[in-house]
Structures are given as C-alpha cells and as structure tokens.
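Notes for the structure review
In case you want the letters, here they are:
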Amino acid sequence: MPADDAIIALIQDGRAGEAFERLMPAYRRRVFGLAYSLLRDRGAAEDVAQEVFVKLWQALPRFDGRAQLSTWIYAITRNAAISAMRKRRRTLSMSDPAVQDEVESRGVVPVAEPEDAALWRQVEALPDKQRQAITLYYQEQRQVEEVAAMMGLPANTVKTHLHRARASLAAALRSAGVEGV
Amino acid sequence: MNSEDRLRRLFGSLDARPGFEERVMQRVAALAAAPRQDLRTQFERRRALLRRRLRREAWMNSITVLGIGACAGALVWRYASEIQQFAMNSLQPVDSNLLIGGTIAALGAALWFVIRRLQSGR
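Bringing the overall build of chain B into the picture now. A tally of regular secondary structure across chain B gives 4 helices and 0 strands. Here chain B holds 122 residues, and 9% of them are scored as buried. Of the accessible surface of chain B, which amounts to about 10300 Å², a share of 64% is contributed by carbon and sulfur atoms.

For chain A, the count of helices and strands is 9 helices and 0 strands. Listed N to C, the secondary structure of chain A is α-α-α-α-α-α-α-α-α in terms of helices and strands. For chain A, buried positions account for 45% of its 181 residues. Counted over contacts in chain A with a minimum sequence separation of 6, partners at least 24 positions apart contribute 64%. Only carbon and sulfur atoms are counted for the fraction: they give 50% of the accessible area of chain A, which is about 9200 Å².

With that out of the way, let us pick up the interface of chain A and chain B. With 36 residues of chain A at the contact, the number on the chain B side is 25 residues. Both sides of the chain A and chain B interface together cover about 3000 Å² of buried area, and 63% of this is carbon and sulfur. Per-residue buried area on chain A facing chain B is highest for A:Glu46, A:Gln50 and A:Tyr138; these three make up 20% of the total on that side. One can count 6 salt bridges joining chain A with chain B. For the interface between chain A and chain B, the tally reads 11 residue pairs in polar contact (both at pLDDT 80 or more).

Here the focus is unusual backbone geometry. Residues other than glycine seldom take positive phi values, yet A:Arg40 does so here, at roughly 60°. In this structure, A:Arg40 sits in the loop between α2 (16-39) and α3 (42-59).

On to the pattern of salt bridges, then. Under the counting rule described, the total for this entry stands at 19 salt bridges over all chains. B:Asp15 is paired through a salt bridge with A:Arg29; the nearest N and O atoms lie 3.9 Å apart. Of this pair, B:Asp15 sits in the loop between α1 (3-12) and α2 (20-78) while A:Arg29 sits in helix α2, which puts the two residues in different chains. A single burial state applies to B:Asp15 and to A:Arg29, both of which are buried.

All names here are of chain B. On the surface, Arg-51, Arg-52, Arg-53, Arg-55 and Arg-56 cluster together into a patch of positive charge. Summarising the element assignment, Arg-55 is placed in helix α2. A relative accessible area of 52% places Arg-55 in the exposed class.

This part is about the nonpolar core. Among the nonpolar cores identified, the biggest contains 61 residues, and A:Leu23, A:Phe53, A:Ile134 and B:Phe11 are the most heavily contacted of them. For this core, the element with the most residues is α2(A), which contributes 12 residues. With residues near it in sequence (within four places) discarded, A:Ile134 still touches A:Val123, A:Leu126, A:Leu162, A:Ala165, A:Arg166, A:Leu169, B:Leu7 and B:Phe11.

All names here are of chain A. An ideal rise of 1.5 Å per residue puts 34 Å on 24 residues; α2 reaches only 30 Å between its terminal C-alpha atoms. At Tyr-27, α2 is deflected by roughly 55°, the largest bend along its length. Burial within α2 is extensive, with 18 of its 24 residues counted as buried. Where α2 terminates, the next one or two residues include Arg-40, which has phi positive at roughly 60°.

Attention now moves to a nonpolar patch on the surface. A cluster of nonpolar residues, B:Leu75, B:Val76, B:Tyr79 and B:Ile83, forms a patch on the protein surface that exposes about 370 Å² of accessible area. Along the chain, B:Tyr79 turns up in the loop between α2 and α3 (80-91).

On to the packing of helix α7 (residues 128-139) of chain A against α1(B), then. It is at 8 Å that the axes of α7(A) and α1(B) come closest, and there the two elements cross at 85°. As judged from the angle between their axes, α7(A) and α1(B) are roughly perpendicular. Note on element contacts: α1(B) touches α7(A) through B:Glu4, B:Leu7, B:Arg8, B:Phe11 and B:Gly12, opposite A:Ile134, A:Thr135, A:Tyr138 and A:Gln139. Within the contact of α7(A) with α1(B), the residues separate by chemical class into 4 nonpolar, 3 polar and 2 charged.

Another aspect to go through is helix α8 (residues 144-151) of chain A. All names here are of chain A. Of the positions making up α8, those classed as buried are Val-144, Val-147, Ala-148, Met-150 and Met-151. One face of α8 carries all of its buried residues, which in axial projection span an arc of 160°. Of the residues one or two after α8, Gly-152 is the one with positive phi, at around 75°.

Basis of the calculations
- Residues numbered from 1 in each chain as written.
- Chains lettered and ligands numbered in written order.
- Predicted model: local features only at pLDDT ≥ 70, side-chain atom pairs only at ≥ 80, totals over all residues.
- Heavy atoms only, no water.
- Helix = DSSP H or I, 4+ residues; strand = E, 2+ residues; numbered from the N terminus.
- Buried < 20%, exposed > 50% of the residue type's maximum accessible area, 1.4 Å probe, protein only.
- Areas by Shrake-Rupley, 256 points an atom, 1.4 Å probe, with all protein chains shown as cover.
- Contact = heavy atoms within 4.5 Å.
- Buried area = accessible area lost by both parts, 1.4 Å probe.
- Salt bridge = Lys/Arg side-chain N within 4 Å of Asp/Glu carboxyl O.
- Polar contact = N/O pair within 3.5 Å; in protein donor to acceptor, adjacent residues only side chain to side chain.
- Patch = residues over 30% accessible without salt bridge, like charges linked within 9 Å, V, L, I, M, F, W, Y side chains within 5 Å.
- Lys, Arg positive; Asp, Glu negative; His and termini not counted.
- Charge placed at Lys NZ, Arg CZ, Asp CG, Glu CD.
- Core = buried A, V, L, I, M, F, W, Y, C linked by side-chain atoms within 4.5 Å.
- Expected span 1.5 Å × (residues − 1).
- Bend = angle between axes of the 7 residues up to and from the residue.
- Axes fitted to C-alpha atoms, helices over the stretch in contact; angles between N-to-C directions.
- Parallel < 35°, antiparallel > 145°, perpendicular 65-115°, else oblique.
- Nonpolar A, V, L, I, M, F, W, Y, C, P; charged D, E, K, R; others polar.
- Arc of directions from axis to C-beta.

Treat this as a map of the structure, not an account of what it does.
In structure tokens:
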C-alpha cells in the first residue's frame with residue numbers, strides 16, 4: 001500500500017510523530033470497523049480504537065518493518081478488542097438486568113428503512129465469523145484479501161464465510177418477504 | 001435495491017464519532033505529560049511522609065523532655081529537705097559571689113539552649 005510505504009519511510013527517518021499523524025486518518029475506519037466487528041458495540045469499539053492508536057503512538061518508533069504495517073495494526077486491534085471482551089465478561093453477568101438492558105439498547109448502525117432493520121437483525125443473527133466478514137467487507141467495499149488480513153484468516157476461509165453469510169441473509173430476507181433479494 | 005446495495009448502505013456509514021482524532025491526540029498528550037506529573041506526585045508524597053515523620057519525632061522528644069522533667073520535679077519534691085541540707089552543707093565553704101555568678105551562668109546557658117531550640121523549631 002503506497003500510504004503505508006510513506007508512513008514506514010517516515011518512521012525509519014526518525015519522524016514517528018509525522019508518521020502517526022498520517023497513520024491515524026488512513027487507519028481510523030479500518031481499526032474502528034475491526035473493533036466493532038468483534039465487539040458489536042459502537043461505544044466499546046471507539047474506546048478500543050482510541051486505545052489502539054495510543055498504543056501505536058507509543059510503539060511506532062520501535063516498528064522495525066519486519067511485518068507489514070497493516071498486519072501489525074490489525075493484530076494490535078484484535079488483541080485489544082479481545083481483551084476488552086474478556087474484561088466485559090469478567091465484570092458483567094448475563095443474568096444481570098443491566099446487562100440485558102445493554103444488549104437490548106446496544107449501539108447499532110442507524111437504520112432508516114424497515115427493510116434495513118430486517119437485514120440488520122439477520123446480520124446480527126449470523127455466526128460470529130460470517131457477521132465479522134460481512135461487516136468488514138461492506139464497510140468500505142474491501143478486497144477479500146484485506147478482510148482476511150484484518151480477521152487474521154486465509155482469504156479462502158473469508159470467501160467461504162462471505163458466501164455462506166450472503167446465502168443465509170438472502171434466504172432469511174426472502175422468507176421475511178423483503179423485496180429485492 | 002438488492003441486498004448487496006443494502007449491506008453497503010448499512011455498513012458504509014460505520015465509522016467512529018466525529019472528533020475521534022482530536023480525542024486520541026488528547027489522550028496522547030495526557031500520556032506524554034504523565035511522567036512529569038508522576039515525578040511531581042512522587043515528590044509531594046515523599047515530602048508529606050517526611051513532614052509526618054518529623055512531626056512525630058518532635059512529639060516524642062517533647063514527651064521525653066516533659067517526662068524527665070516531671071520525674072526530676074517529683075524527686076526534688078519528695079527529697080526537698082535532704083537536698084536543702086546537702087546544698088547548705090556543700091555550699092557553706094564557697095564564696096557567695098562565686099555562687100551567684102555560677103547560678104546566673106547556669107540560668108543563662110539554660111535560656112540560650114531554650115532560645116536555640118525555639119529558633120530551630122520554626
């Protein structure tokens with residue numbers, strides 16, 4: 001990726017601050033999308049995304065370029081999101097009424113039309129990996145290879161998840177009587 | 001509209017709230033200032049500990065001095081007649097001018113010691 005090359009050149013030149021200023025707008029949506037696809041909560045995803053960028057700011061001067069910049073950032077994001085999930089599981093119990101309220105009022109993508117709401121519910125009902133693949137693929141119409149890098153999975157596995165997710169969604173929407181499927 | 005377009009529309013808007021970058025930069029700035037803040041906090045904590053220790057020592061010293069003084073006073077009170085007798089006997093051969101001079105010197109030394117203590121205690 002050309003943007004990554006410019007960022008890496010700045011890091012190697014000892015200008016980590018400038019590199020960070022370029023990196024944040026380039027990766028903001030990807031880091032947030034990946035965190036959201038794992039956490040399914042906008043607020044929590046934003047917290048994790050902020051934490052990831054703070055970590056990147058601290059670690060960027062030590063980035064040695066052995067791994068791809070994007071691979072490194074996605075790994076940090078996945079680890080931060082998984083830690084956040086564990087923390088949440090430790091502090092909350094599903095039998096707690098506050099947790100049930102949170103699940104019900106979870107920050108979802110704003111849906112303007114009833115068909116979108118139906119589609120949203122079906123996406124939410126998909127298995128985790130399929131839902132994650134669909135979210136990341138359609139967030140920015142990404143290449144399957146990039147979604148695979150974000151999820152840390154082989155591209156063929158992601159293709160399978162996407163194929164199955166699309167089939168499930170089409171079937172569910174057809175049975176729900178949503179047009180244009 | 002087919003489901004592909006719907007999915008694109010549904011997830012296309014998925015992004016952090018506006019001002020995300022400013023919020024990150026604020027956290028970064030806070031983090032950069034943290035070591036200086038840590039040093040200041042550490043210094044304040046050590047100073048407070050030292051103050052507390054010195055205050056405790058000053059109290060202990062005062063209690064010790066008062067205790068010794070009270071014991072000495074009690075002894076003098078208890079053996080007043082014996083001490084008077086002893087002093088009269090031992091000081092009889094001494095010149096009265098020398099006695100007065102010695103007493104004034106002892107009082108002056110005690111006063112000097114007390115003033116020094118008060119000045120250093122400020």
